[in-house]
Amino acid sequence: DAGVIQSPRHEVTEMGQEVTLRCKPISGHDYLFWYRQTMMRGLELLIYFNNNVPIDDSGMPEDRFSAKMPNASFSTLKIQPSEPRDSAVYFCASSLSGRGYEQYFGPGTRLTVT
Amino acid sequence: AQSVTQPDIHITVSEGASLELRCNYSYGATPYLFWYVQSPGQGLQLLLKYFSGDTLVQGIKGFEAEFKRSQSSFNLRKPSVHWSDAAEYFCAVGRNQGGKLIFGQGTELSVKP
């Protein structure tokens, strides 16, 4: 299996621009998670889906952030408009219910907003 | 509320020395427990997990962890550390949280030559 795939790996954008991060979970997994990691705040759960349905989005910082999962093999995290404080590494992870909920992480997208 | 505490933010050990990273959790029932490792610039990789049964679990890269219910702990150990073990280590807990895991703040491990 290819593992969790994220794109792009690096994104540099200017403040005010729209940013879209993409994730392909491991085939057959029914949970998908979006995390953000910064030095100051550590690893934060933003939102997660079960069977393509958002379950908990309480970690989404504000309305500028949105996430979708149109099908079992694809999810996006969008920031519009982006701000410098959104600079972070964004991870996608997936897991399979009935397997102890162990999560498999993608390599991350390093976002820099200037 | 469920929580995970990793008391040590940063640990430095000499190469070849033994290692123990601490993890304490607060959970209403027997949890599922995990240790992940994150090398610089990489995602988190699962090192080992505990679901039930033998309280001493073996993982990849020569790591092991012991679940101690009485102490609500799940400490990670390695008998002899290699320079390549320098990374950040995260403890996590979950079970009946709708699929969600709760992660500790992480412990950064440095290895001296």
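A quick note: this is a predicted structure, and the numbers were derived from the prediction, not measured. (Residues numbered from 1 in each chain as written. Chains lettered and ligands numbered in written order. Predicted model: local features only at pLDDT ≥ 70, side-chain atom pairs only at ≥ 80, totals over all residues. Heavy atoms only, no water.)

**Examining the state of the cysteines**
Part 1: In the structure shown here, the tally under the stated rule is two disulfides over all chains.
Part 2: Here cysteine 23 of chain A pairs with cysteine 92 of chain A through a disulfide, and the sulfurs are 1.8 Å apart. Since a negative S-S torsion denotes a left-handed disulfide, the cysteine 23 of chain A-cysteine 92 of chain A link at about -65° is left-handed. Of this pair, cysteine 23 of chain A sits in strand β3 (residues 19-24) while cysteine 92 of chain A sits in strand β9 (residues 88-95); the two residues are 69 residues apart in sequence, bridging distant segments of the chain. Of the two residues, cysteine 23 of chain A and cysteine 92 of chain A, neither departs from the other in class, the shared state being buried.
Part 3: Each disulfide pairs two cysteine sulfurs, and for cysteine 23 of chain B the partner residue is cysteine 91 of chain B, the sulfurs being separated by 2.0 Å. Linking cysteine 23 of chain B and cysteine 91 of chain B, the disulfide has an S-S dihedral of approximately -65° and is accordingly described as left-handed. With a gap of 68 residues between them, cysteine 23 of chain B in the loop between β3 (19-21) and β4 (24-26) and cysteine 91 of chain B in strand β10 (residues 87-94) connect regions that are remote in the sequence. (Disulfide = S-S within 2.5 Å. Helix = DSSP H or I, 4+ residues; strand = E, 2+ residues; numbered from the N terminus. Buried < 20%, exposed > 50% of the residue type's maximum accessible area, 1.4 Å probe, protein only.)

**What about the pairing of strand β4 (residues 31-38) of chain A?**
Residues and elements named next belong to chain A.
Part 1: Among the eight residues that make up β4, seven are buried, leaving the element largely enclosed by the rest of the structure.
Part 2: One ladder, built from eight bridges, connects β4 with strand β5 (residues 42-50); its direction is antiparallel. When the sheet's bridge partners are listed, phenylalanine 33 is paired in β5 with tyrosine 48.
Part 3: Relative to β9, β4 runs antiparallel, the two sharing seven bridges. Bridging across to β9, glutamine 37 finds its partner in valine 89. (Pairing = 2+ DSSP bridges.)

**Topic: unusual backbone geometry**
Residues and elements named next belong to chain A.
Part 1: The step from serine 7 to proline 8 runs through a cis peptide bond, and the omega angle for that step is -10°.
Part 2: Secondary-structure assignment places proline 8 in the loop between β1 (5-7) and β2 (10-13).
Part 3: Cis geometry marks the peptide bond from glutamine 80 to proline 81, where omega comes out at -10°.
Part 4: Take proline 81: it is sitting in the loop between β8 (74-79) and β9.
Part 5: Positive phi, normally seen in glycine, also occurs at asparagine 51, with a value near 50°.
Part 6: One can find asparagine 51 in the loop between β5 and β6 (53-56).

**Some words on the packing of aromatic side chains**
Between two aromatic rings, the relevant description is the distance of the centres plus the angle of the planes.
Residues and elements named next belong to chain A.
Part 1: Across all of its chains, the model carries 17 aromatic pairs over all chains by this definition.
Part 2: Ring centres of phenylalanine 91 and phenylalanine 105 lie 6.3 Å apart, and the angle between their planes is 75°; this geometry places the pair in the edge-to-face category. Of the two residues, phenylalanine 91 sits in strand β9 while phenylalanine 105 sits in strand β10 (residues 104-105), which places them 14 residues apart along the sequence.
Part 3: Overall, phenylalanine 91 belongs to the buried group, its relative accessible area being 1%. (Phe/Tyr/Trp six-rings, centres within 6.5 Å; stacked < 30°, edge-to-face > 60°.)

**Observations regarding the interface of chain A and chain B**
Part 1: Opposite the 19 residues of chain A that make contact, chain B presents 20 residues.
Part 2: Taking both partners together, chain A and chain B bury about 1,500 Å²; carbon and sulfur atoms supply 55% of that area.
Part 3: The interface formed by chain A and chain B contains two salt bridges.
Part 4: A salt bridge links lysine 49 of chain B to glutamate 102 of chain A; its shortest N-O distance comes to 2.6 Å.
Part 5: Here chain A and chain B share three residue pairs in polar contact (both at pLDDT 80 or more) between them.
Part 6: In terms of residues, the side of chain A that touches chain B owes the most to one element, β4 of chain A, which gives four residues.
Part 7: Class assignment for the residues of the side of chain A that touches chain B results in 10 nonpolar, four polar and five charged. (Contact = heavy atoms within 4.5 Å. Buried area = accessible area lost by both parts, 1.4 Å probe. Salt bridge = Lys/Arg side-chain N within 4 Å of Asp/Glu carboxyl O. Polar contact = N/O pair within 3.5 Å; in protein donor to acceptor, adjacent residues only side chain to side chain. Nonpolar A, V, L, I, M, F, W, Y, C, P; charged D, E, K, R; others polar.)

By themselves these figures say nothing about function.
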